[in-house]
Amino acid sequence: MNPQPFKILFLCTGNSARSILAEYLFRRIAPGRFESYSAGANPTGKINPLVLRILKEDYKIDASDARSKSWTEYKDVHFDFVITVCDHARESCPVWPGQPIVAHWASDDPAKFEGTEEEKLRLTHNVALQIQRRLDLFCSLPLEKMERLKMAAAVGGIGAKEKPSDN
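### Some details on the packing of helix α1 (residues 18–29) against helix α2 (residues 49–59)
1) Next: The contact between α1 and α2 brings their axes to 10 Å, and the two run at 25°. Compared by their axis directions, α1 and α2 come out roughly parallel. Judged by the twist between their axes, the crossing of α1 over α2 is right-handed. Between α1, through I20, L21, Y24, L25 and R28, and α2, the contact on the second element is made entirely by V51, L55 and Y59.
2) Next: Residues of the contact of α1 with α2, tallied by class, amount to 7 nonpolar, no polar and 1 charged.

### Observations regarding the confidence of the model for the protein
1) Next: Overall, the predicted model of the protein reaches an average pLDDT of 90, with 90% of residues at or above 70.
2) Next: Considering each helix and strand of the protein separately, the mean pLDDT is smallest for helix α3 (residues 87–92), with a value of 64, and largest for α2, with 97.

### Concerning the layout of surface pockets
1) Next: Estimated volume of the second largest pocket: approximately 160 Å³.
2) Next: If you trace the second largest pocket, you find 14 residues lining it, with S16, A17, T44, D109 and A111 closest to the centre.
3) Next: Here the residues of the lining of the second largest pocket are counted per class, giving 5 nonpolar, 6 polar and 3 charged.

### Here we look at the state of the cysteines
1) Next: For the structure shown, the criterion picks out 0 disulfides.
2) Next: Considering cysteine sulfurs only, C86 is the nearest to C12, which forms no disulfide, with 3.6 Å between them.
3) Next: Exposure remark for C12: the relative accessible area of 3% places this residue in the buried category.
4) Next: Using a relative accessible area of 4% as the deciding quantity, one classes C86 as buried.

### Here we look at the packing of helix α4 (residues 117–140) against helix α5 (residues 148–160)
1) Next: At a minimum axis distance of 10 Å, the contact between α4 and α5 shows a crossing angle of 160°. What the angle tells us is that α4 and α5 run roughly antiparallel. In the crossing of α4 with α5, the sense of the turn from one axis to the other is right-handed. Residues R134, L137 and F138 of α4 lie in contact with α5, whose contacting residues are V155, I158 and G159.

### Re the pattern of salt bridges
Pairing is possible between side chains of opposite charge, provided their charged atoms come close.
1) Next: With the rule as written, the count across this model stands at 8 salt bridges.
2) Next: The closest approach of N and O atoms between K69 and E23, which form a salt bridge, is 4.0 Å. Of the two residues, K69 is situated in the loop between α2 and β3 (81–84) and E23 in helix α1; the sequence distance between them amounts to 46 residues. Accessibility assignment for this pair places K69 and E23 in one class, buried.
3) Next: A salt bridge links E118 to R53, with the shortest nitrogen-to-oxygen separation between them at 3.8 Å.

Reading the values: rules and limits
Residues numbered from 1 in each chain as written. Predicted model: local features only at pLDDT ≥ 70, side-chain atom pairs only at ≥ 80, totals over all residues. Heavy atoms only, no water. Axes fitted to C-alpha atoms, helices over the stretch in contact; angles between N-to-C directions. Helix = DSSP H or I, 4+ residues; strand = E, 2+ residues; numbered from the N terminus. Parallel < 35°, antiparallel > 145°, perpendicular 65-115°, else oblique. Left-handed = near helix turned anticlockwise from the far one by under 90°. Contact = heavy atoms within 4.5 Å. Nonpolar A, V, L, I, M, F, W, Y, C, P; charged D, E, K, R; others polar. pLDDT = per-residue confidence, 0-100. 1 Å grid on protein atoms, 1.4 Å probe; cavity = no way out; pocket = protein on both sides within 12 Å on 5 of 7 lines; lining within 4 Å. Points joined across faces, edges and corners; volume = space filled by probe spheres on them. Disulfide = S-S within 2.5 Å. Buried < 20%, exposed > 50% of the residue type's maximum accessible area, 1.4 Å probe, protein only. Salt bridge = Lys/Arg side-chain N within 4 Å of Asp/Glu carboxyl O.

What follows is the structure, encoded as structure tokens:
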């Protein structure tokens, strides 16, 4: 008998870059074990084109169906994990039904990167790599065998290992 997949929601302010990267990378890393979603506090309504380019060119992931959406779409969904990937989402994160484990994994915001298109692409790629490392660590946890408190500490600790830089 296969257990139900864990449901995980990645939250950001605009749901245009970091949370989209996390959602789509996680779909690739852990299909079947997790169902991943993303949303934003104030969705921009569009996905950062550099994020789509990195997913397609570097990870061979088609994210053409990605859309920027509000977290209110998921207000009645029972998630196992809610991960905020920006400080604003952390501060304004609503209470979720079912008491999911909530953790904060801050990353730099690709929407705020300055420079040439290639410099912005490089910085966005670095964010994708940071998120991928965190997702790999998360997937290595024996979640099915962990007590809730230990699980919460382990998941929260992943975001504490690397802090965003000041770009």
